[in-house]
Amino acid sequence: MKPLRFFFFLAVLFSLSSCIEIIDDISLNDDGSGTLKYNINLSASKVKINSILALDSLDGKKVPSREEIQGRIDHFKDVFEKRPGISNVTISSDYNNYMFKLSCDFESVKLLQSAIKKTLQEEVKDDQKLLDENVNWMEWVNNSFVRSVPDFTIKKVSNLSDEEKELLKQGTYISITRFQRDVKEFTNSKAVLAKNKMAVMLKTNVYSLSQNPDLLENTIYLSPLKP
């Protein structure tokens, strides 16, 4: 899910010389609870990443050490798992293959969104203009689920150089939404319905997403609950 800003920025940092795959996966139960999984896979470029991490700086930007990266990840987890409605938070970091995975359970979409917003407020105290607490990018109402892209992720990509944006075209961003019953219809023509009719997938690249946030915007309508 696009809203996990720290993981997104981590991906952008490494993507400056890497092929990147991001998978944003939400499983939503009929009562509005569910599970979020957010994975970043940089294994195809681990040699280049090791070269970057061996430097003190790159293009005038400080290169963090593995310890600093892990410290930020641990802090994010500590803050995030204390939010109301969030449980079973796990974050795995594989520095041999540069794969990062986050998973958590949530009691409702509303509480998940609130937890993300509150955590990000603490993470980006020096750049609060990126956040708009009044904007929602997820909503679960009356057998429909709305997903969109948060502005802060787009703003960050828009601040990158042309060369950095070009490199982002090499990677992929996959958004998956899973349900406990059949999907009736959805609004994004690029979305793909799973064979079992209980999941919807959208795929693009990070650069295209930065140029057109509507690429992953989708309203998914489900079949009514059976009596």
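Residues numbered from 1 in each chain as written. Predicted model: local features only at pLDDT ≥ 70, side-chain atom pairs only at ≥ 80, totals over all residues. Heavy atoms only, no water.

S.K.: Help me get a handle on the pairing of strand 6 (residues 99–106), residues and values and all.
M.R.: Alignment of strand 2 (residues 34–41) against strand 6, held across 8 bridges, turns out to be antiparallel. From the neighbouring strand, Lys37 faces strand 6, where its bridge partner is Ser103. In this structure, strand 5 (residues 86–94) lies alongside strand 6, joined through 7 bridges in antiparallel fashion. Along strand 6, the bridge assignment pairs Ser92 with Lys101. Counting the residues between successive antiparallel strands, the hairpin from strand 5 to strand 6 contains 4 residues, one of them, Tyr98, with a positive phi of roughly 55 degrees. (Pairing = 2+ DSSP bridges. Helix = DSSP H or I, 4+ residues; strand = E, 2+ residues; numbered from the N terminus.)

S.K.: Quick one: what's the story with the sheet that holds strand 6, residue by residue and with numbers?
M.R.: With mixed pairing, the 7 strands of this open sheet are ordered in space as 5-6-2-1-9-12-11. One side of each edge strand has no neighbouring strand; the edge strands of this open sheet are strand 5 and strand 11 (192–193).

S.K.: Describe helix 3 (residues 66–80), and please don't skip the residues or the numbers.
M.R.: With 15 residues, helix 3 extends 21 Å from end C-alpha to end C-alpha; this agrees with the ideal 21 Å at 1.5 Å per step. Inspection of helix 3 places Ile69, Ile73, Phe76, Val79 and Phe80 among the buried residues, and these make up the whole buried set. Buried residues of helix 3 fall within an arc of 135 degrees about the axis and therefore sit on the same side. (Expected span 1.5 Å × (residues − 1). Buried < 20%, exposed > 50% of the residue type's maximum accessible area, 1.4 Å probe, protein only. Arc of directions from axis to C-beta.)

S.K.: Got a sec to walk through the sheet that holds strand 13 (residues 218–222)? Specific residues and values, please.
M.R.: Ordered in space as 7-8-13-10, the 4 strands form an open sheet in which the pairing is antiparallel. A single partner strand is all that each edge strand has here, and the edge strands are strand 7 (138–141) and strand 10 (183–186). For this sheet the average axis-to-axis angle between neighbouring strands, irrespective of direction, equals 15 degrees. Bridge analysis of strand 10 against strand 13 gives 3 bridges, and the strand direction is antiparallel. (Axes fitted to C-alpha atoms, helices over the stretch in contact; angles between N-to-C directions.)

S.K.: So what's going on with the environment of Asp182? Residues and values would help.
M.R.: Among the structural elements, Asp182 can be located in the loop between strand 9 (172–178) and strand 10. Distance from Asp182 to Met198, taken between C-alpha atoms, is 4.7 Å for residues 16 residues apart in sequence.

S.K.: Tell me about the pattern of salt bridges, and please be specific about residues and values.
M.R.: Scanning the model with the defined rule gives 5 salt bridges in all. Note that Arg178 and Asp25 form a salt bridge whose closest N and O atoms lie 2.8 Å from each other. Of this pair, Arg178 sits in strand 9 while Asp25 sits in strand 1 (residues 21–28), and the two are 153 residues apart along the sequence. In this structure, Glu81 and Lys77 form a salt bridge, with 3.1 Å as the shortest nitrogen-oxygen distance. Overall, Glu81 belongs to the partly exposed group, its relative accessible area being 32%. (Salt bridge = Lys/Arg side-chain N within 4 Å of Asp/Glu carboxyl O.)

S.K.: Outline helix 2 (residues 46–53), listing residues and values.
M.R.: When helix 2 is considered as a whole, its buried residues turn out to be Ile49, Ile52 and Leu53. The buried residues of helix 2 all sit within an arc of 95 degrees when viewed along its axis, so they share a single face.

S.K.: Explain the pairing of strand 13 to me, using residue names and the numbers behind them.
M.R.: Within strand 13, 4 of the 5 residues are buried, which leaves the element mostly enclosed by the surrounding structure. Here strand 8 (residues 144–147) pairs with strand 13 via 4 bridges, running antiparallel. Along strand 13, the bridge assignment pairs Val146 with Thr219.

S.K.: With reference to specific residues and values, describe the confidence of the model for the protein chain.
M.R.: Detailed reading of predicted coordinates is not advised where the pLDDT is low. Residues of the protein chain with pLDDT of at least 70 account for 77%, and the chain-wide mean is 81. The least confident element of the protein chain, judged by mean pLDDT, is helix 1 (residues 5–15) at 51; the most confident is strand 11 at 98. Contacts for the low-pLDDT stretch residues 1–5, under 50 throughout, to residues beyond four places or in other chains number 37 contacts. (pLDDT = per-residue confidence, 0-100. Contact = heavy atoms within 4.5 Å.)

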